[in-house]
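Structure assessment
Take a look at the letters that make up each chain.
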There are 2 protein chains.
Amino acid sequence: MFRLDPRLEKDTIVVGDFAVSRLLLAKDSRYPWCILVPKRRDITELYQLTAAEQAQVNLESAFLGQQLMALYRGDSLNVAALGNVVSQLHIHHVVRYKTDVTWPGPIWGVGESEPYEQETLIRHQAEISALMANNFGFVSAV
Amino acid sequence: MFRLDPRLEKDTIVVGDFAVSRLLLAKDSRYPWCILVPKRRDITELYQLTAAEQAQVNLESAFLGQQLMALYRGDSLNVAALGNVVSQLHIHHVVRYKTDVTWPGPIWGVGESEPYEQETLIRHQAEISALMANNFGFVSAV
């Protein structure tokens, strides 16, 4: 059975589920930052998924990235599967701005996470969920 | 017409061409590090490619990643499309080791690039090219 890594669980809230991936929102107000986690056991790299799963995850990822950039009007989208700290396969989607705190460097392992106001976090969760609705098997957790 | 960004050109050598992407090897001996650049004009994000191009790039990327991990026996593969410094869409594939200089942090913008011995660089280029041969439209530049 699929179980979300406890560190991912602690640092995010669930927005919903696509056909293959769970969509998480990072609880870090420095960046609009979503994470896709394919709901498969013992997978650490994209190429370990079946070809059909890879194709679906890539559709989910492209759709998510495009919608996040449309919603948050960023200067660049960082899409990354790293897995050095949490090995469970997870794909970051981070909207970056030329004015953000770590631009143009990467965001991982730099500075401290800044919590959202609870109300703002819930609003972002609802906005993102609404954009995903009816696409690629998305079922909202909101 | 497609033109490789001058900074990518300076920091890499060409290994060959897949059907959609050019395959580059970074001239930085700290990591086995390849970069895919879709040969399309004015593209900065994956989702800007056509659906068919995205599907092909994802096949090229998964195959490259799997082969690099098999060849270099890394602990983790970092796959990332960032684009904060060089906006032309390019997808990093970096084999990481628990013993490498920046583990578990990201590699971008950290420390100084370490040049290869020319002979070693050419050997890696040839090895990677040989692994890619006859897959996903690959034509070697070697």
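For clarity, every value in this text was computed on a predicted model and none was experimentally measured.

**Some details on the interface of chain A and chain B**
- Each partner contributes residues to the interface: chain A has 24 residues there, and chain B has 24 residues.
- Of the roughly 2,100 Å² buried between chain A and chain B, counting both surfaces, carbon and sulfur atoms make up 54%.
- Where chain A meets chain B, there are 14 residue pairs in polar contact (both at pLDDT 80 or more).
- Residue classes in the side of chain A that touches chain B are distributed as 13 nonpolar, 9 polar and 2 charged.
- Where strand 4 (residues 76-81) of chain A meets strand 4 (residues 76-81) of chain B, 3 bridges bridge the pair, whose relative direction is antiparallel. Bridged to Val 79 of chain A within strand 4 of chain B is Ala 81 of chain B.

**A look at the side chain of Asn 84 of chain A**
- Following the sequence through the fold, Asn 84 of chain A ends up in the loop between strand 4 and strand 5 (91-96).
- With relative accessibility at 11%, the residue Asn 84 of chain A sits in the buried group.
- Within the local environment of Asn 84 of chain A, its side chain forms a polar contact with the backbone oxygen of Pro 104 of chain B, the two atoms lying 3.2 Å apart.
- Not counting residues within four places of it along the chain, the set of residues in contact with Asn 84 of chain A comprises Ser 76, Asn 78, Arg 96, Trp 103, Pro 104 and Gly 105 of chain B.

**So, the pairing of strand 5 of chain A**
Residue and element names in this part refer to chain A.
- Counting buried positions over the 6 residues of strand 5 gives 6, a clear majority of the element.
- Alternating positions in strand 5 separate into two faces, Ile 91, His 93 and Val 95 on one and His 92, Val 94 and Arg 96 on the other, with burial throughout.
- For strand 3 (residues 33-38) and strand 5, the ladder comprises 4 bridges, and the chain directions are antiparallel. Residue pairing across strands places Cys 34 opposite His 93, the latter belonging to strand 5.
- Taken together, the 5 bridges between strand 4 and strand 5 define a ladder with antiparallel strand orientation. Within the sheet, the bridge partner assigned to Asn 78 lies in strand 5 and is Val 94.

**Side note on the environment of Leu 23 of chain B**
Residue and element names in this part refer to chain B.
- By the element assignment, Leu 23 lies in strand 2 (residues 21-26).
- Here the alpha-carbon distance between Leu 23 and Val 37, two residues 14 residues apart in the chain, equals 6.7 Å.
- Not counting residues up to four positions away in its chain, the partners in contact with Leu 23 are Ile 13, Val 14, Val 15, Gly 16, Phe 18, Cys 34, Ile 35, Leu 36, Leu 64, Ile 128, Met 132 and Phe 138.

**A few points about the nonpolar core**
- Counting 30 residues, the largest nonpolar core has Trp 33 and Trp 108 of chain A together with Trp 33 and Trp 108 of chain B as its most contacted members.
- The set of elements that each furnish at least two residues to this core consists of strand 2 (21-26) and strand 3 of chain A together with strand 2 and strand 3 (33-38) of chain B.
- Excluding residues that lie within four positions of it along the chain, Trp 108 of chain B makes contacts with Leu 82 and Pro 106 of chain A together with Trp 33, Asn 78, Ala 80, Leu 82, His 92 and Val 94 of chain B.

**Notes on the confidence of the model for chain A**
- Taken as a whole, chain A shows an average pLDDT of 97; of its residues, 100% reach a score of 70 or greater.
- This prediction of the complex comes with two scores: 0.98 for pTM and 0.97 for ipTM.

**Points about the pairing of strand 1 (residues 12-17) of chain B**
Residue and element names in this part refer to chain B.
- Of all the 6 residues making up strand 1, 5 are buried; the element is thus mostly covered by neighbouring parts of the structure.
- The pairing of strand 1 with strand 2 spans 5 bridges and is classified as antiparallel. Bridged to Thr 12 within strand 2 is Ala 26.
- Between strand 1 and strand 2, which pair antiparallel and follow one another directly, the connecting turn spans 3 residues.

**Overview of the packing of helix 2 (residues 51-72) of chain A against helix 3 (residues 118-132) of chain A**
Residue and element names in this part refer to chain A.
- The contact between helix 2 and helix 3 brings their axes to 10 Å, and the two run at 125°. When the interaxial angle is binned, helix 2 and helix 3 end up oblique. Like other packed secondary-structure pairs, helix 2 and helix 3 cross with a definite hand, here right-handed. Counted together, Phe 63, Leu 64, Gln 67, Leu 68, Leu 71 and Tyr 72 of helix 2 and His 124, Glu 127, Ile 128, Leu 131 and Met 132 of helix 3 form the full contact between these two elements.
- Across the contact of helix 2 with helix 3, the residue classes tally to 8 nonpolar, 2 polar and 1 charged.

**Remarks on the sheet that holds strand 4 of chain A**
- Sheet architecture is open: 12 strands sit in the order 6(A)-1(A)-2(A)-3(A)-5(A)-4(A)-4(B)-5(B)-3(B)-2(B)-1(B)-6(B), paired in antiparallel fashion. Lying at the two open borders of the sheet, with one neighbouring strand each, are strand 6 (139-140) of chain A together with strand 6 (139-140) of chain B.
- Two strands pair when backbone bridges link them, and strand 1 of chain B and strand 6 of chain B are joined in this way by 2 bridges, in the antiparallel orientation. Bridge pairing links Gly 16 of chain B to Ser 140 of chain B in strand 6 of chain B.
- The sheet contacts of helix 2 of chain A involve strand 2, strand 3, strand 4 and strand 5 of chain A, and relative to strand 5 of chain A the element is tilted by about 20°.

**Quick word on helix 2 (residues 51-72) of chain B**
- Its 22 residues place the ends of helix 2 of chain B 31 Å apart at the C-alpha level, agreeing with the 32 Å of an ideal helix rising 1.5 Å per residue.
- In the segment just after helix 2 of chain B, Arg 73 of chain B is the residue with positive phi, at about 50°.

Here is what the cut-offs are and how they apply
- Residues numbered from 1 in each chain as written.
- Chains lettered and ligands numbered in written order.
- Predicted model: local features only at pLDDT ≥ 70, side-chain atom pairs only at ≥ 80, totals over all residues.
- Heavy atoms only, no water.
- Contact = heavy atoms within 4.5 Å.
- Buried area = accessible area lost by both parts, 1.4 Å probe.
- Polar contact = N/O pair within 3.5 Å; in protein donor to acceptor, adjacent residues only side chain to side chain.
- Nonpolar A, V, L, I, M, F, W, Y, C, P; charged D, E, K, R; others polar.
- Pairing = 2+ DSSP bridges.
- Helix = DSSP H or I, 4+ residues; strand = E, 2+ residues; numbered from the N terminus.
- Buried < 20%, exposed > 50% of the residue type's maximum accessible area, 1.4 Å probe, protein only.
- Core = buried A, V, L, I, M, F, W, Y, C linked by side-chain atoms within 4.5 Å.
- pLDDT = per-residue confidence, 0-100.
- Axes fitted to C-alpha atoms, helices over the stretch in contact; angles between N-to-C directions.
- Parallel < 35°, antiparallel > 145°, perpendicular 65-115°, else oblique.
- Left-handed = near helix turned anticlockwise from the far one by under 90°.
- Expected span 1.5 Å × (residues − 1).

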